[in-house]
Amino acid sequence: MAEPSLAPLMLGIAGFGTVASGLVRILTENREAIFARAGRDIRVKRILVRDPGRQRAVSVPEGAALTTRMEDLFEDADIDVVVELMGGVDIPLLLLERSLGAGKHVVTANKALLAETGNRLFALAAEKNLHLAYEAGVCGGIPIVQTLRDGLTANRIQTLVGILNGTSNYILSEMSTKGMAFDQALKQAQALGYAEADPTLDIEGIDAAHKLALLIRLAWGVDYPCSRLSVRGISGVSPLDIAHAREFGYRIKLLGHARLVGDCARDSGIEAGVRPTLVHESLLLARVGGAYNAVRVEGDAVGSVFLHGRGAGDMPTGSAVAADIVSIARGAGPNNTGFVRPALPGPARIIPPLETYSRFYIRLMVSDTPGVLRDIAAVMAENGISIAQVIQKDQAGGSYGGEAGDGRAAPGVPLIIMTHEAYAAGVYKALRTLTDSVVVHEPPVHYPVLVKRS
Ligand code: NAP
Ligand code: HSE
């Protein structure tokens, strides 16, 4: 067996923003601990930036230089690993293709890139027998990639459910515990370095969908295109629903979930999506606050495994990037997808979102008149929905009972319904019927509900 190299591992880093600053700090401050584990030094040679004159959060490491030329990373024979921490899709794709083509290992925190173009990059890395590592791409500092790829290899994974976006969780936590306005909480998340350059990716659930697609690949070895995932973000979550959820003993969390239906993800299917969900306060997921993330994985042999930690920010994410670099420094061969035969994912059989079932929270703004509850219950029953709990509030902030422009009384009083398990198709059909009803004043609000299993 070949002796592992003792020469320093040389890095070319693309980007010198939040995550790259965390990485550089960790490589500098924890140098001895990392040397003890990697068996060799890890040094930075080049850092690619757009604006070399910009003030940086940390100093350029000794022996390294800034550059604005991408070629300086993959054309430099001294550089062993290209670490992509710039964000976006097109330019990083070009950089990683050129780097793999030039025989460099690559490490990235870029989940959008891997969710959208991963098949191409994994195929190229496999052809060249190079590392394509992405621990930092899913849930910041939580070692979920390694857990699924290595720790749970002996399991058939049954379900995955998690809080996959730190920014959304931060916003919902601030709204829920401090009554902060959505926009202010988002501004704070941006200032703390949690949000994507385009925060729409965070608040519309797209970043969580990218991560979910990566988790599905790792868990089942299949490709579930992001464009086919059912995705709802948190931009429409109102303080009213956060408060009602609390009254029922729930917290609203943006959850990504995936479930194996039957025995095989390629043949029987995967049910998956991203959506704001009411999580019962007795569940650990309900207690995950701030920019923390958490993932619960269920395997047939291991049972339930729960991972919790910081999901965003410079140091947690830098920690995950550094872990991938140390693995490469140790000299082990690549294990990028976690699968060997076949090594590359095939298409998943996708269970349509309408065929999924769960409990639901539904809020209707209704006329406060006799018979309304009876009529709504009838629509629910016609669509096979059994009601578990119902509460009608007699005031909606004191402003109801007037006339809306369309002749309906406005804006009505909140009627909150918690259903038993119901098919999404039935719920959506009932809500469409109710939307057209004169006693319902606003489009209904609905969220799935995650309860503790008895
Ligand atoms: P960031 O703070 O915006 O930093 C991006 C860096 O990349 C900047 O230094 C920028 O250079 C450089 N850059 C961008 N486009 C470039 C180009 N075309 N040419 C040269 N340099 C370019 O971003 P970040 O928050 O560190 O995120 C980086 C990646 O990590 C993203 O893929 C993100 O999704 C992922 N990620 C972030 C976190 C987090 O908590 N922030 C967590 C996990 C994963 P200038 O400084 O000169 O403009
Ligand atoms: N914007 C992302 C988040 C960064 O808030 O979770 C971590 O991937």
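Being a predicted model, the structure only gives us computed values, none of them experimental.

**Side note on the site of ligand 1**
Thinking step 1. As a structural note, the neighbourhood of ligand 1 is formed by 24 residues, with F16, D51, R56, E196 and G313 the closest of them.
Thinking step 2. In this structure, an oxygen atom belonging to ligand 1 sits 3.2 Å away from a main-chain N or O atom of G17.
Thinking step 3. Note that an oxygen atom of ligand 1 is positioned 2.6 Å from one of the side-chain N or O atoms of E196.
Thinking step 4. Calculation on ligand 1 without its partners gives an accessible area of 900 Å², and the protein chains cover 86% of this total.
Thinking step 5. Of the residues that constitute the shell around ligand 1, the class distribution is 10 nonpolar, 8 polar and 6 charged.

**Examining the sheet that holds strand β1 (residues 9-14)**
Thinking step 1. Reading across from one edge, β3-β2-β1-β4-β5-β6 is the order of the 6 strands in this open sheet, with parallel pairing throughout. Each end of this open sheet is capped by a strand with a single partner; those strands are β3 (65-67) and β6 (132-133).
Thinking step 2. Across 6 bridges, the pairing between β1 and strand β2 (residues 42-48) is parallel. Residue L9 lies in a different strand from β2, and its bridge partner there is I42.

**Comments concerning the pairing of strand β10 (residues 250-260)**
Thinking step 1. By the criterion of burial, β10 is predominantly enclosed, with 9 of the 11 residues buried.
Thinking step 2. Pairing of strand β7 (residues 157-163) with β10 involves 4 bridges; the strand directions are antiparallel. Each residue of the ladder has a partner; that of G162, found in β10, is G256.
Thinking step 3. Strand direction decides the pairing type here: β10 and strand β11 (residues 270-280), joined by 11 bridges, are antiparallel. Looking at β11, one finds that K253 is bridged to T277.

So, how was this worked out
- Residues numbered from 1 in each chain as written.
- Chains lettered and ligands numbered in written order.
- Predicted model: local features only at pLDDT ≥ 70, side-chain atom pairs only at ≥ 80, totals over all residues.
- Heavy atoms only, no water.
- Near = heavy atom within 4 Å.
- Polar contact = N/O pair within 3.5 Å; in protein donor to acceptor, adjacent residues only side chain to side chain.
- Areas by Shrake-Rupley, 256 points an atom, 1.4 Å probe, with all protein chains shown as cover.
- Nonpolar A, V, L, I, M, F, W, Y, C, P; charged D, E, K, R; others polar.
- Pairing = 2+ DSSP bridges.
- Helix = DSSP H or I, 4+ residues; strand = E, 2+ residues; numbered from the N terminus.
- Buried < 20%, exposed > 50% of the residue type's maximum accessible area, 1.4 Å probe, protein only.

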